[in-house]
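This is what each chain is made of:
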Amino acid sequence: MRIVLLGPPGAGKGTYAERIKVLEGIPHIASGDILREEVKKGTELGKKAQAYMERGELVPDELVEEMIAERLKSPEAERGFILDGFPRNIPQAEWLDKFLNGEGVKLDGVFQILVPEEEIVRRLSGRRICRQCGAIYNIHTGIPRFPREDGRCAECGGELYQREDDNPEVIRRRFKEYEEQTAPLIDYYRKRGCLFEVNGTRGVENAVEEIIRLAKGGERE
Ligand code: AP5
């Protein structure tokens, strides 16, 4: 299964991708997570990306494309993958088309996750992530889950943190970038007949089931 999850910041891309990864046994390739890891490790790529990320702007295409190519070529991506946060503009989508053509494979679907803006602001302000295992929590809504009573990760006991770009000013900038650069991908993929809309407010399991069913050629409920 080869799919792309598309949606504004906080739509639930990472949450759904982690679940699909477990159910389908395919890698979750999240450009934002990989970039944050590079920043943490202080690599050349991380140093170049950091300032863009802090401002909530897109990192230059060639840096991200190289990093994604490496993941897509890895043996674990042979059976499929879930792309989360990539592509994020038309040049990246064209690059991906060319790359997949070269590999002789194609996407099974691009899933646009629909969530109202006020709900997204609420979700992002309550999002907490485990420093150790990456599990996602929400301290306001408890969806997909609340942290442990002592405020630590319910999976591994690790410390939870709030992302630096989850502050109101940077969230606004990320939204603007989404509307200007990423939203045109909706038409791009619609014209190619591979776009599916998914209601992102019906609970994680419902959305995940629908994505998997549609990606496998099933009917919409
Ligand atoms: P990235 O990490 O990709 O951030 P983003 O797109 O802003 O997306 P988020 O990770 O914030 O949201 P999400 O949709 O994954 O939501 P989540 O599942 O966590 O990118 C960060 C930065 O990296 C960018 O600003 C840019 O600088 C750079 N970058 C990344 N990719 C790039 C690229 N391709 N090109 C250039 N630059 C790039 O969910 C959010 C919250 O909602 C959680 O608390 C969760 O528990 C809750 N939630 C999820 N689903 C539900 C539900 N169904 N109901 C209720 N709550 C839910």
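For the structure, see preceding data.
Being a predicted model, the structure only gives us computed values, none of them experimental.

(A) Region of the structure containing the sheet that holds strand S5 (residues 127-130). Ordered by their spatial adjacency, three strands build an open sheet running S6-S5-S7, and the pairing between neighbours is antiparallel. Looking at strand neighbours, the two that pair on one side only are strand S6 (136-138) and strand S7 (160-161), the edges of this open sheet. As judged from the three bridges shared by S5 and S6, these two strands associate in the antiparallel manner. Of the residues in S6, the one forming a bridge with arginine 128 is tyrosine 137.

(B) Molecular detail of the site of the ligand. The immediate surroundings of the ligand are formed by 36 residues, with Thr15, Glu57, Arg127, Ile143 and Arg174 found nearest. Within the side chain of arginine 163, one N or O atom sits 2.9 Å away from an oxygen atom of the ligand. Within the backbone of glycine 200, one N or O atom sits 3.4 Å away from a nitrogen atom of the ligand. Contact with the protein chains removes 97% of the 1,100 Å² of surface that the ligand exposes when unbound. Within the shell around the ligand, the residues separate by chemical class into 16 nonpolar, eleven polar and nine charged.

(C) Seen up close, helix H7 (residues 168-182). Here H7 is 15 residues long and its end C-alpha atoms lie 20 Å apart, about the 21 Å a rise of 1.5 Å per residue gives. The complete set of buried residues in H7 reads Val170, Ile171, Arg174, Phe175, Glu177, Tyr178 and Thr182. One face of H7 carries all of its buried residues, which in axial projection span an arc of 160 degrees. The outward face of H7, more than 90 degrees from its buried face, is lined by the exposed residues Pro168, Glu169, Arg172 and Glu179. Considering only its buried residues, H7 is in contact with strand S1 (2-6), helix H3 (44-55), helix H6 (117-126), S5 and helix H8 (184-191).

(D) Region of interest: the pattern of salt bridges. This structure, assessed with the given rule, holds 23 salt bridges. Between arginine 190 and aspartate 187 there is a salt bridge, and its shortest N-O distance comes to 3.3 Å. With arginine 190 and aspartate 187 both in helix H8, this residue pair falls three residues apart, about one helical turn. Given a relative accessible area of 41%, aspartate 187 falls into the partly exposed group. Of the charged contacts, one joins glutamate 197 and arginine 190 as a salt bridge, the two residues approaching to 3.5 Å between their closest N and O atoms.

(E) Expanded view of the nonpolar core. The biggest cluster of nonpolar side chains holds 31 residues, and the ones touching the most others in it are Ile68, Leu72, Leu83, Leu96, Leu107, Val110 and Tyr189. Looking at this core, the elements with two or more residues in it are S1, helix H2 (31-41), H3, helix H4 (61-72), strand S3 (81-84), helix H5 (90-103) and H8. The dominant element in this core, judged by the number of residues it contributes, is H4, at six residues. Not counting residues within four places of it along the chain, the set of residues in contact with tyrosine 189 comprises Pro87, Ala93, Leu96, Leu107, Val110, Cys194 and Leu195. Phe111, Phe175, Ala207 and Val208 belong to the second-largest nonpolar core, a separate cluster that totals 24 residues.

(F) Structural context of the pairing of S5. Along S5, one buried face is formed by Arg127 and Ile129 and the opposite face, lined by Arg128 and Cys130, is buried too. Hairpin connection from S5 to S6: five residues lie between these consecutive antiparallel strands, with glycine 134 at a positive phi of about 85 degrees.

(G) Just unusual backbone geometry, in detail. Cis rather than trans, the peptide bond between phenylalanine 86 and proline 87 has omega equal to 0 degrees. By the secondary structure assignment, proline 87 is in the loop between S3 and H5. Put simply, isoleucine 143 and proline 144 share a cis peptide bond, and its omega is 5 degrees. Checked against the element boundaries, proline 144 lands in the loop between S6 and S7.

(H) Here's a closer look at the packing of H4 against H5. Their axes nearest at 11 Å, the elements H4 and H5 cross at an angle of 30 degrees. Relative to H5, the element H4 is oriented roughly parallel. Where H4 crosses over H5, the handedness of that crossing is right-handed. Listed contacts from H5 to Asp61, Val64, Glu65, Ile68, Ala69 and Leu72 of H4 are Pro91, Gln92, Trp95, Leu96 and Phe99. Residues belonging to the contact of H4 with H5 are distributed by class as follows: eight nonpolar, one polar and two charged.

Rules and cut-offs
- Residues numbered from 1 in each chain as written.
- Predicted model: local features only at pLDDT ≥ 70, side-chain atom pairs only at ≥ 80, totals over all residues.
- Heavy atoms only, no water.
- Pairing = 2+ DSSP bridges.
- Helix = DSSP H or I, 4+ residues; strand = E, 2+ residues; numbered from the N terminus.
- Near = heavy atom within 4 Å.
- Polar contact = N/O pair within 3.5 Å; in protein donor to acceptor, adjacent residues only side chain to side chain.
- Areas by Shrake-Rupley, 256 points an atom, 1.4 Å probe, with all protein chains shown as cover.
- Nonpolar A, V, L, I, M, F, W, Y, C, P; charged D, E, K, R; others polar.
- Expected span 1.5 Å × (residues − 1).
- Buried < 20%, exposed > 50% of the residue type's maximum accessible area, 1.4 Å probe, protein only.
- Arc of directions from axis to C-beta.
- Contact = heavy atoms within 4.5 Å.
- Salt bridge = Lys/Arg side-chain N within 4 Å of Asp/Glu carboxyl O.
- Core = buried A, V, L, I, M, F, W, Y, C linked by side-chain atoms within 4.5 Å.
- Axes fitted to C-alpha atoms, helices over the stretch in contact; angles between N-to-C directions.
- Parallel < 35°, antiparallel > 145°, perpendicular 65-115°, else oblique.
- Left-handed = near helix turned anticlockwise from the far one by under 90°.

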